[in-house]
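# Coordinate inspection notes
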Amino acid sequence: MVFVKARAAITGIGRRARRATGPWPDPVPNKGASEFEVDLWTLSDFVLGKVVPAVGVRPYPLNELLLMTAAACRLKPSVVFDWGTHIGVSARVFYECARAFGLGYEIHSVDLPPDASHVEHPGQEHGRLVRGLSGVHLHRGNGVEVALDQWSRMGKPARPLFFVDGDHALESVRDELTRIFNTVSDAAVIAHDTFRQSSESNYNIGPALAIEELTKRSPFRFKLIHSGLGLPGMTFILPN
């Protein structure tokens, strides 16, 4: 009986989410809270009903999709920059979030030039999930350089959000984070592939090490929120 009720409740969440029309309820009930707080019931309905049907759960599993949407709703950024566009999964997540909760930001997504040679180059699939969507702008070039140039051209708006999911080498991620936070004092960053795995896994922990170095240099400047649990991992870095 308990199983049946639980299954019915889960099914009900999906049905409510699929039926939802008009504006979604604000998932940030305590806007002035000193701690990071969101309504995960509302965001779970949203992720299951709107995000997963659009993008699936790869490369971002459910806990990471929740962190991405929670970060956008809690921070309410002026603009979102992301690099490692590929087919546009992360950009589509932020697009759906902005549209559902009336956040009003635009998205600038950066990927490698068309003639670049890289194992993850999307080719003709570049930006497929966001092509033609209002408020989504696709760029080519070096991710952090293009993003910071666009931010400057926009008049250096406050509270930009940067989504870092490009080259995962320690040196590359360290350089990207350093350039962002040296240039934009109130920047917030979501970094992907940040799970601190054991050495036996042979997993690339470059992003995790880069974040550890960042926080050691400035131990009181940042607050970290991790998706936890397992691979691939995601970390939200926001100003204290």
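All chains use their own residue numbering, which begins from 1 and follows the written sequence. Per-residue local features of the predicted model are confined to residues with pLDDT of at least 70, and side-chain atom pairs are confined, for both listing and counting, to 80 or more; whole-chain, interface and lining totals are unaffected and use all residues. Side-chain metrics in this entry use all non-hydrogen atoms of the structure; hydrogen atoms and water are not considered.

This part takes up the nonpolar core. Across soluble globular proteins, nonpolar side chains have a tendency to be buried as a group. As used here, the term nonpolar core means buried Ala, Val, Leu, Ile, Met, Phe, Trp, Tyr and Cys residues forming a set that is joined through side-chain atoms within 4.5 Å. Burial classes follow relative accessibility: with a 1.4 Å probe on protein chains only, a residue under 20% of its type's maximum area counts as buried, one over 50% as exposed, and anything between as partly exposed. Membership of the largest hydrophobic core comes to 41 residues, with the highest contact counts inside it found for Phe94, Phe101, Tyr105 and Phe236. Where helices and strands are cited, they refer to DSSP runs of H or I of at least four residues and of E of at least two residues respectively, numbered from the N terminus. Mapped by element, the contributors of at least two residues to this core are helix 2 (40-55), helix 3 (62-75), helix 4 (89-101), strand 4 (161-164), strand 5 (188-192) and strand 7 (234-239). Here this core takes nine residues from helix 4, the largest share from any one element. By the convention used here, residues are in contact when the closest approach between their heavy atoms is within 4.5 Å. Ignoring sequence-local partners within four residues, the contact set of Phe101 consists of Trp24, Pro25, Pro27, Thr42, Leu43, Phe46 and Cys73.

A few words on the packing of aromatic side chains. Two aromatic rings, drawn from Phe, Tyr or Trp (for Trp, its six-membered ring), form a pair once their centres lie within 6.5 Å of each other, and the interplanar angle then sorts them: stacked below 30 degrees, edge-to-face above 60, tilted otherwise. One pass over the full model with this rule turns up nine aromatic pairs. When the ring of Phe36 is compared with that of Phe236, the centres are 5.8 Å apart and the planes differ by 70°; the resulting orientation is edge-to-face. Note that Phe36 is positioned in the loop between helix 1 (2-19) and helix 2 and Phe236 in strand 7, a separation of 200 residues in sequence. Given the relative accessible area of 23%, Phe36 is considered partly exposed. Grouping aromatic residues by their ring pairs yields a cluster made of Trp24, Phe46 and Phe101.

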